[in-house]
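Reading the structure
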Number of protein chains: 2
Amino acid sequence: MQDFPVARNRLSLFGCIEAGGTKFVCGVGTGPDDLRCTTVPTTSPSDTVQKVVEFFRATSNLSAVGIGSFGPIDLHPESPSFGYITSTPKRDWQNFDLAGTLQKALDIPVGFDTDVNAAAAGEARWGAGRGIPDFLYLTVGTGIGGGALVNGEVIHGLLHPEMGHIRIPHDLEADPYPGGCPFHQDCLEGLASGPAVKARWGVPANELPPDHPGWDLEARYLALGLASWICTLSPERMILGGGVMQQAHLFPKIRHELLGLLNGYINAPALLEGIDTYVVPPELGNRAGVLGALVLAEHIYRNPSARIGAPLAGESAWR
Amino acid sequence: MQDFPVARNRLSLFGCIEAGGTKFVCGVGTGPDDLRCTTVPTTSPSDTVQKVVEFFRATSNLSAVGIGSFGPIDLHPESPSFGYITSTPKRDWQNFDLAGTLQKALDIPVGFDTDVNAAAAGEARWGAGRGIPDFLYLTVGTGIGGGALVNGEVIHGLLHPEMGHIRIPHDLEADPYPGGCPFHQDCLEGLASGPAVKARWGVPANELPPDHPGWDLEARYLALGLASWICTLSPERMILGGGVMQQAHLFPKIRHELLGLLNGYINAPALLEGIDTYVVPPELGNRAGVLGALVLAEHIYRNPSARIGAPLAGESAWR
């Protein structure tokens, strides 16, 4: 494990933002035991950003700010729209330079990543991903999104993962609900997000009784997603957060379905004997995202080469 | 890009093995233009390994050997069975210490990874993955397997990816073939591997006429897999090799299905405008695996800390 300079860390105060479609959760602090938060509603970019900037300006000695944002966003340092929210359905926010606007207004380094990558980074640092170089963080709420660490680094690649949109088997006889994704209809998000639960059963997930058969279906769909990600990413742990996962009774159902789907093929004790610690809720609860954004702030503070406008970092040892 | 000492590279001769279920392809050389190969049939471990050792002993100055192996295999350096083939259905090979046996017999460092991770490393070094830190290599043949680079490093995690075993939608009315995977029945491998094509249509893939509707179905299934991996790994390229992919007419079909499935959601020019260079065959053809094993040999030669019995390497910067 890399040994960060703890003394400097204690002196550095960071800002963090979990930028969501309905609200921006903003924080200032140094970690889970020292984080002062406020919430700004997501209205127009100018109005929201102004309130966010006011909050951070009230703290005089911030070293950097991190943003975990709704998307899609541009994460390519060499791109002219690096730091932008790009093709979101929220029209006011389309092609808005969120990271750059804050960087200019606050004149400090700004770390920028997806909301779920940020949450994964938060769980890696202070939560259920501590010491685990390969794990998945999934949020199941208004949408379904995933962030993953592979060899200790979050996945970016071409764009960034959009895990909720994988296709899974959908038995229309057992579940006639056609799915609600405007792009893919019955992808995982289309079948198992909060709005899908509500559209199928007529009540929001938090009002569906724990013994309702809808939860078995929900567990089945989520387990189908987890099984695909196990086969693809080989994670050492899967952390499931978000509004729908607040129903704690879902966890044992999902674990049971998952073991059935894998059918012993992934022959690893962590799975076969340790499923209760393999599929888990986030230790940081609903603060995973905003605390993860704090990790992004720290990371950008310590890695000047990753900042907006900085020269590109080196590549891999494989070539 | 890391600058390897080329002069030393030219003086170092490496051995490589693509260890498959029917044959071990063994090579000695320095790269694609300088590789002398031989083939040893996969019989019993003692017999096969003896012939492999004889081949390498005939070259006096090997610096290291790399193995890309069929699996499942143990890739955890801290595990007592590191370097073993583990729970393979081939009984003679179960729990066989392939890497350790060769290391002892040849007394040189041995690099060890899955056959598809090796092929990915080969394409990263000399093939269609050059300069691309995030890409997928898929083989479609007797089985379906994937290796991927994420941030320039191959995925290992809990075990190693078993990508062929992801679940995909299967319309039993359109395709009554129930699937042939002994573990999961109609996972991707169960529906789209070479043996599945043969079981469904009664002839091997290479005898199925190019205008047979079976190819549309095959392209659909493979595109469903690719779509899931795009949403999960966000690769910048997907390289499809293996026996079934020798049918070049499959590529345009797969590209067409894939764009339809994604439906514009992944808004990246590399995909939307460059699909012909996004889904491609391996540039190293059927030598991707054995040349990739050569990269593993080089890698272990230059990274003593990754060798069998070496102390563990450090962890990520995220915590």
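Refer to the structure printed above.
Source: prediction; values computed, not measured. Counting restarts for each chain, with residues numbered from 1 along the sequence as it is written. For this description, chains carry letters from A and ligands carry numbers from 1, given in the order in which they are written. Residue-level local features of this predicted model are given only where pLDDT is at least 70; pairs of side-chain atoms are given and counted only at 80 or more, and the full residue set underlies all totals for whole chains, interfaces and linings. Computation of side-chain values covers all heavy atoms of the structure but excludes hydrogens and water.

**Remarks on the relation of the copies chain A and chain B**
Note: a rotation about an axis with an accompanying shift along it relates these two copies of the chain. Note the following rule: Superposition of the copies used a least-squares fit over C-alpha atoms from residues whose pLDDT is at least 70 in both. Residue contacts are defined here by distance: any two heavy atoms, one from each residue, within 4.5 Å place the two residues in contact.
If you rotate chain A by 180° and push it 0.0 Å along the axis, it lands on chain B with an RMSD of 0.0 Å. Given the turn and translation reported, the copies of this chain are related as if by a two-fold rotation axis. Relative to the rotation axis, the C-alpha of Pro169(A) is the closest in chain A, positioned 2.0 Å from it. Same-surface contact between copies: 100% of interface residues of chain A are shared with the interface of chain B.

**Description of the sheet that holds strand β1 (residues 13–19) of chain A**
Residue and element names in this part refer to chain A. Defined as follows: For two strands to pair, DSSP has to find at least two bridges joining them. Starting at the N terminus, helices and strands are each numbered in turn, a helix being any DSSP run of H or I of at least four residues and a strand any DSSP run of E of at least two. Angular values range over 0 to 180 degrees, each being the angle between N-to-C directions of two axes fitted as lines to C-alpha atoms, with helices fitted over their stretch in contact.
Taken together, five strands build an open sheet; the order of strands is β3-β2-β1-β4-β5 and the sheet is mixed. In this open sheet, the two edge strands, each paired with only one partner strand, are β3 (34–41) and β5 (110–114). In this sheet, neighbouring strand axes are inclined to one another by 15° on average, regardless of whether the strands run parallel or antiparallel. Bridging between β1 and strand β2 (residues 23–31) involves six bridges; their strand directions are antiparallel. Bridge pairing in β2 links Ala-19 to Phe-24.

**Observations concerning the environment of Tyr221(B)**
Residues and elements named next belong to chain B. For Tyr-221, the position within the fold is in helix α7 (residues 214–233). The spacing of Tyr-221 and Arg-125 is 96 residues in sequence and 29 Å in space, taken between C-alpha atoms. Residues in contact with Tyr-221, not counting those within four places in the same chain, are Ile-168, Pro-169, His-170, Asp-175, Leu-188, Leu-191, Ala-192 and Arg-200.

**Some points on the packing of helix α4 (residues 115–126) of chain B against helix α11 (residues 288–302) of chain B**
Relative orientation and spacing of two packed helices are given, respectively, by the angle between their axes and the distance between those axes. All names here are of chain B. We count it as follows: By definition in this entry, angles of less than 35 degrees are roughly parallel, angles greater than 145 are roughly antiparallel, angles of 65 to 115 are roughly perpendicular, and the rest are oblique. Residues are grouped as follows: Ala, Val, Leu, Ile, Met, Phe, Trp, Tyr, Cys and Pro are nonpolar; Asp, Glu, Lys and Arg are charged; all remaining types, including Gly, are polar.
Between α4 and α11, the shortest axis-to-axis distance is 7 Å and the interhelical angle comes to 80°. Taken as axis vectors, α4 and α11 run roughly perpendicular relative to one another. Along the contact surface, α4 presents Ala-118, Ala-119, Ala-121, Gly-122, Glu-123, Arg-125 and Trp-126, while α11 presents Ala-288, Gly-289, Leu-291, Gly-292, Ala-293, Leu-294, Val-295, Leu-296 and Glu-298. The residue inventory of the contact of α4 with α11, partitioned by class, reads 10 nonpolar, three polar and three charged.

**Things to note about empty space enclosed by the protein**
Rolling a probe over the atoms, with the probe sized like a water molecule, indicates the empty space that remains. Stated precisely, the cut-off is as follows: Only protein atoms enter the 1 Å grid, on which a cavity is a set of points fitting a 1.4 Å probe that cannot get out and a pocket is an open set with protein on both sides within 12 Å along at least 5 of 7 lines, lining residues being those with an atom within 4 Å of a point. Grid points are joined across faces, edges and corners, and a volume is the space filled by probe spheres set on the points.
Counted by the stated rule, this structure contains two cavities of 30 Å³ or more. By volume, the largest cavity amounts to about 40 Å³. For the largest cavity, the full set of lining residues is Ile230(A), Cys231(A), Ser234(A), Ile266(A), Leu158(B), Leu159(B), His160(B) and Glu162(B). Its residues assigned to classes, the lining of the largest cavity shows five nonpolar, two polar and one charged. Put simply, the second largest cavity is a space of about 30 Å³. Lining the second largest cavity are Leu158(A), Leu159(A), His160(A), Ile230(B), Ser234(B), Pro235(B), Ile266(B) and Tyr278(B). In terms of residue class, the lining of the second largest cavity is made up of six nonpolar, two polar and no charged.

**Notes on the pairing of strand β9 (residues 237–241) of chain A**
All names here are of chain A. Rule in force here: Buried means the residue's accessible area, taken with a 1.4 Å probe over protein chains only, is under 20% of the maximum for its type, while exposed means over 50%, and partly exposed covers the values in between.
Of all five residues in β9, five are buried; the element is thus mostly enclosed. Residues Arg-237, Ile-239 and Gly-241 of β9 are buried on one face, and the alternating residues Met-238 and Leu-240, pointing to the opposite face, are buried as well. Note that strand β6 (residues 135–140) and β9 share five bridges and pair parallel. Considered in β9, the bridge of Thr-139 is made with Gly-241. Pairing of β9 with strand β10 (residues 279–280) involves two bridges; the strand directions are parallel. Looking at the pairing, Met-238 lines up with Val-279 of β10.

**Looking at the side chain of His160(A)**
Quick note on the threshold: For the purposes of these results, a polar contact is taken to be a pair of N or O atoms within 3.5 Å, where, inside protein, one atom must be able to donate a hydrogen and its partner to accept one; residues adjacent in sequence count only when each atom of the pair is a side-chain atom.
Among the secondary structure elements, His160(A) is positioned in the loop between β8 (153–154) and α5 (188–192). Of note is the side chain of His160(A), whose polar atom sits 3.1 Å from the backbone nitrogen of Ile73(A).

**Notes on the pattern of salt bridges**
When the charged atoms of two side chains lie near each other, side chains of opposite charge can form a pair. Note the following rule: Basic side-chain nitrogens of Lys or Arg form a salt bridge, by our definition, when they fall within 4 Å of a carboxyl oxygen of Asp or Glu.
Enumeration according to the criterion identifies 18 salt bridges over all chains in this entry. A salt bridge links Arg255(A) to Asp276(A); its shortest N-O distance comes to 3.8 Å. Here Arg255(A), found in helix α8 (residues 250–262), pairs with Asp276(A), found in helix α10 (residues 275–278); they are 21 residues apart in sequence, far enough to count as distant. Its salt-bridge partner being Glu298(B), residue Arg302(B) comes within 2.7 Å of it at the nearest N-O pair.

**Side note on unusual backbone geometry**
That bond from Gly71(A) to Pro72(A) is cis: its omega, 0°, falls within 30 degrees of zero. If you trace the backbone, Pro72(A) turns up in the loop between β4 (62–69) and α3 (98–106). Of note, the phi angle at Ser234(A) is positive, near 50°, even though the residue is not glycine. Inspection of the secondary structure assignment puts Ser234(A) in the loop between α7 (214–233) and β9. A positive phi angle is found at Asn263(B), which is not glycine, with a value near 55°. Mapped onto the elements, Asn263(B) comes out in the loop between α8 (250–262) and α9 (269–272).

**Considering the sheet that holds strand β3 (residues 34–41) of chain B**
All names here are of chain B. Pairing in this open sheet of five strands is mixed, and the strands run β3-β2-β1-β4-β5 from one edge to the other. Whereas interior strands pair on both sides, the edge strands pair on one side only; in this sheet they are β3 and β5 (110–114). Direction aside, neighbouring strands of the sheet carry axes that sit 15° apart on average. Where strand β4 (residues 62–69) and β5 come together, five bridges link them in parallel fashion. Its bridge partner being in β5, Ser-69 is matched across the sheet by Thr-114. Here helix α2 (residues 45–57) sits on the sheet and contacts β1 (13–19), β2 (23–31), β3 and β4; the angle it forms with β2, its principal contact strand, is near 20°.

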